Amino acid sequence: MASLERLVIQLRQKKQEATKLKKKAEKQLKENRSIERRSSSGLNSIDRKIESEREDVSDTSDILTRKTSQLESIERLVAAAEERLTREKEAIEQTEQEIEFSDNPEEKQNAEVKLRSLNDSVQELITEIKSRQKTAKKISDDVTQYSDFKSKITSKIQKQSKSKPSLRETMVKSHKATEKFVKELERRTKAEDSTKKALEKVSGKFQELLANRRKAAKKAAATRAAAAKKRTAAKKKAAKKRPAKKKAAKKRPAKKKAAKKRPAKKKAAKKRPAKKKAAKKKSKR
């Protein structure tokens, strides 16, 4: 009984230790899986960001290409308008000289019409050049803005790409550790289950033994109670019979008086020597 109880205590301690080690393995497994998930999620997030940013870079590059082409085209138009403006101004100077030195009224009149037309053309060219220069300035600002944006995204992509190896290494390490702790948890779970089964088996025997002892103790108590009850009943019965025994005891002296007659038998026994004398007489004959 004592050895079985000690075994139950030892198995309970062993089960507690096995449960403790199992929980520790579960905690370590959970932590490593969390690290692995974060690393994997981080890598996926970086990949998605890089992919999105590369698309942004591609879109920005297309916009830059288009804006640059527009800017170049406007710059060419401005250059052409400026060349025309220079020629128109030269024509105006020449026409002014013609008007100044013309003696023919008709020629002078024609020159004046031409001068007015040249002046109008110059004004149109100046307006056109200003408008195109304004557009070119806006496009140039856009090109600068998109170029800066593209540069920032490219730098960000490079930075994120550099962080990928460390995250990938962390993920690989945590994955290996996860596999290790999965096996450790399986081993600890088996140990706990084995100890639990052994404890249940021994506890069952111990409880059965305790139950048998309780039954035996209960039976013994019942037997003792029945015996005590029987003795009590016997004592009560004997107590009821005692007065009759006393009356019978009072009559006994009469029997003792009858016993006093026994000496008469002894006197009869004293007559035996007469027989011996008769025997002697026979021998003398």
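Cut-offs used in this document
Residue indices follow the written sequence of each chain, beginning from 1 at its first position. Owing to the predicted nature of the model, reporting of local features is limited to residues with pLDDT of at least 70; listing and counting of side-chain atom pairs is limited to 80 or more, with chain, interface and lining totals taken over all residues. Calculation of side-chain values draws on the structure's entire complement of heavy atoms; hydrogens and water are dropped beforehand. Here a helix means four or more residues in a row that DSSP labels H or I, a strand means two or more in a row labelled E, and each is numbered from the N terminus. All accessible-area figures derive from a Shrake-Rupley calculation using a 1.4 Å probe, and residue coverage is judged against the displayed protein chains alone. The salt bridge criterion pairs a side-chain nitrogen of Lys or Arg with a carboxyl oxygen of Asp or Glu, the two atoms within 4 Å. Exposed residues in this analysis have more than 50% of their type's maximum accessible area, buried residues have under 20%, and partly exposed residues fall in between, with area computed by a 1.4 Å probe over protein chains only. Nine residue types can take part in a nonpolar core, namely buried Ala, Val, Leu, Ile, Met, Phe, Trp, Tyr and Cys, and a core is a set of them joined through side-chain atoms within 4.5 Å. Any pair of residues with heavy atoms lying within 4.5 Å of one another is described as a contacting pair. Only residues whose relative accessible area exceeds 30% and that form no salt bridge enter a patch; like-charged residues are grouped when within 9 Å of one another, and nonpolar side chains (Val, Leu, Ile, Met, Phe, Trp, Tyr) when within 5 Å. Two residue types count as positive, namely Lys and Arg, and two as negative, namely Asp and Glu; His and chain ends fall outside the count. The location of each charge is read from NZ of Lys, CZ of Arg, CG of Asp or CD of Glu. pLDDT is defined as a per-residue confidence score from the predictor, taking values between 0 and 100.

Chemist: Would you mind showing me how to read the overall build of the chain here?
Modeler: Each helix and strand in the chain was counted, giving 5 helices and 0 strands. What you see in the chain, going N to C, is helices and strands ordered as α-α-α-α-α. Carbon and sulfur atoms make up 52% of the accessible area of the chain, which amounts to about 22,900 Å² in all.

Chemist: Teacher, can you tell me more about the pattern of salt bridges here?
Modeler: If the charged atoms of two oppositely charged side chains come close together, the side chains can form a pair. In this structure the tally under the stated criterion is 8 salt bridges. The partner of Lys156 in a salt bridge is Glu53, with the nearest N and O atoms 3.5 Å apart. Here Lys156, found in helix α2 (residues 105–250), pairs with Glu53, found in helix α1 (residues 2–101); they are 103 residues apart in sequence, far enough to count as distant. Residue classification places Lys156 among the partly exposed residues on the basis of a relative accessible area of 45%. For the salt bridge of Lys173 with Glu169, the shortest nitrogen-to-oxygen distance reads 3.5 Å. Here Glu169 and Lys173 lie together in helix α2, a separation of 4 residues that amounts to about one turn. On the basis of relative accessible area, Lys173 is assigned to the exposed category, the value being 55%. Taken together, the shared-partner salt bridges in this structure form one network comprising Lys67, Lys138 and Asp142.

Chemist: Just checking my understanding: could you explain the nonpolar core for this structure?
Modeler: Where a protein is soluble and globular, its nonpolar side chains tend to be buried together. Membership of the largest hydrophobic core comes to 18 residues, with the highest contact counts inside it found for Ile74, Leu85, Ile92, Ile129 and Ile139. Where this core is concerned, the elements lending two or more residues are α1 and α2. Ignoring anything within four residues of it in the chain, the contact list for Ile92 reads Leu115, Leu118, Asn119 and Val122.

Chemist: Would you take a moment to explain a negative patch on the surface for this structure?
Modeler: On the surface, Glu51, Glu55, Asp59 and Asp62 cluster together into a negatively charged patch. Examined against the element boundaries, Glu55 turns out to sit in helix α1. Assessed through its relative accessible area of 45%, Glu55 is described here as partly exposed.

Chemist: Got a minute to help me understand the confidence of the model for the chain in this structure?
Modeler: Low pLDDT means the predicted coordinates in that region are not meant to be read closely. Per-residue pLDDT for the chain averages 78, and the proportion of residues at 70 or more is 82%. Confidence scores differ between elements of the chain, with helix α5 (residues 273–284) showing the lowest mean pLDDT of 43 and α1 the highest of 85. Considering only residues more than four positions removed or in separate chains, one finds that residues 263–285, a stretch of pLDDT under 50, has 0 contacts.

Chemist: It is not clear to me how the side chain of Ser61 should be interpreted in this structure. Could you clarify?
Modeler: Tracing the sequence through the fold places Ser61 in helix α1. A relative accessible area of 18% means that Ser61 is categorised as buried.

Chemist: Quick question: what am I supposed to make of the environment of Ser163 here?
Modeler: Mapping Ser163 onto the fold places it in helix α2. The class of Ser163 is partly exposed, set by a relative accessible area of 26%. Here the alpha-carbon distance between Ser163 and Ile46, two residues 117 residues apart in the chain, equals 8.7 Å.

Chemist: Explanation requested: the environment of Lys49 in the structure shown.
Modeler: Following the sequence through the fold, Lys49 ends up in helix α1. Separated by 108 residues in the primary sequence, Lys49 and Ile157 have C-alpha atoms spaced 8.2 Å apart.

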